[in-house]
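Architecture at a glance
Letter by letter, the chains look like this.
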Amino acid sequence: MSINKKLNLEMDNVVYDYKLFDTLKAIKSNNSQRKAAKELGISHTVLNRRIIKAEELLSEPLVTVSNKGSTLTSFALNLLEKYELYEQRLDDDDFLVMAGGFISCEF
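These remarks concern the structure in this document. From a predicted model like this one, the values you see are computed outputs, not experimental measurements.

A few words on the overall build of the chain. Check the secondary structure of the chain and you find four helices and four strands. Helices (α) and strands (β) of the chain occur, in sequence order from the N terminus, as β-β-α-α-α-β-β-α. Expressed as a percentage of the 107 residues in the chain, the buried residues total 25%. Of all intrachain contacts in the chain linking residues separated by at least 6 positions in sequence, the fraction that spans at least 24 positions is 45%.

So, on to the packing of helix α1 (residues 18-30) against helix α3 (residues 44-58). Running from N to C, α1 and α3 point in directions that differ by 110°, and their axes come no closer than 10 Å. Put simply, α1 runs roughly perpendicular to α3. Both α1 and α3 take part in a crossing whose hand is left-handed. Contacts from Lys-19, Leu-20, Thr-23 and Ile-27 of α1 reach α3 at Leu-47, Arg-50, Ile-51 and Ala-54. Its residues assigned to classes, the contact of α1 with α3 comprises five nonpolar, one polar and two charged.

To continue, consider the environment of Lys-68. Looking at the element boundaries, Lys-68 is found in the loop between β3 (63-66) and β4 (69-72). Separated by 37 residues in the primary sequence, Lys-68 and Asn-31 place their C-alpha atoms 8.3 Å from one another.

A word on the packing of aromatic side chains. Going through the model one piece at a time under the given rule, you end up with one aromatic pair. Consider the rings of Phe-21 and Tyr-83, whose centres lie 4.0 Å apart with planes at 5°: the pair is stacked. Of the two residues, Phe-21 is situated in helix α1 and Tyr-83 in helix α4 (residues 74-91); the sequence distance between them amounts to 62 residues. Judged by relative accessible area, which is 0%, Phe-21 ranks as buried. The class for Tyr-83 is buried, based on a relative accessible area of 1%.

Here the focus is the nonpolar core. Phe-21, Leu-24, Ile-27, Leu-62 and Leu-72 are the most contacted members of the largest nonpolar core, which has 21 residues in total. Listing elements by their share of this core, those giving two or more residues are α1, α2 (33-40), α3 and α4. If you tally residues by element for this core, the top one is α1, at five residues. Among residues more than four places away in sequence, those in contact with Leu-24 are Leu-62, Leu-72 and Leu-80.

What follows covers unusual backbone geometry. As a rule of thumb, non-glycine residues mostly have phi less than zero, and peptide bonds are mostly trans rather than cis. Unlike most non-glycine residues, Asn-13 shows phi in positive territory, near 65°. Assessed through its relative accessible area of 73%, Asn-13 is described here as exposed.

The rules behind these values
- Residues numbered from 1 in each chain as written.
- Predicted model: local features only at pLDDT ≥ 70, side-chain atom pairs only at ≥ 80, totals over all residues.
- Heavy atoms only, no water.
- Helix = DSSP H or I, 4+ residues; strand = E, 2+ residues; numbered from the N terminus.
- Buried < 20%, exposed > 50% of the residue type's maximum accessible area, 1.4 Å probe, protein only.
- Contact = heavy atoms within 4.5 Å.
- Axes fitted to C-alpha atoms, helices over the stretch in contact; angles between N-to-C directions.
- Parallel < 35°, antiparallel > 145°, perpendicular 65-115°, else oblique.
- Left-handed = near helix turned anticlockwise from the far one by under 90°.
- Nonpolar A, V, L, I, M, F, W, Y, C, P; charged D, E, K, R; others polar.
- Phe/Tyr/Trp six-rings, centres within 6.5 Å; stacked < 30°, edge-to-face > 60°.
- Core = buried A, V, L, I, M, F, W, Y, C linked by side-chain atoms within 4.5 Å.

Purely geometric stuff here, so don't read any function into it on its own.
Structure, rendered in structure tokens:
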């Protein structure tokens, strides 16, 4: 059985959908917003809106655009690195423990 895990991330009471992080990964690997949009199967406009909305919520730029293409800012790279660490934890099935109640509080 194949299980597809998607991770959303909450920062400062705002939930950022896994689609934002998929977008950042695609831009990082392609150095192009148009190629990233094509890879993700979405329009360039949708991808651009996704980035702009996140930049407004985070009050930080995520992508730098030049005549050579698009690159992630250091802030976006740091954010993506943290996301990928959490994502890796989901892939480590042997160590995944879900708990609630008293056990999660170490009582």
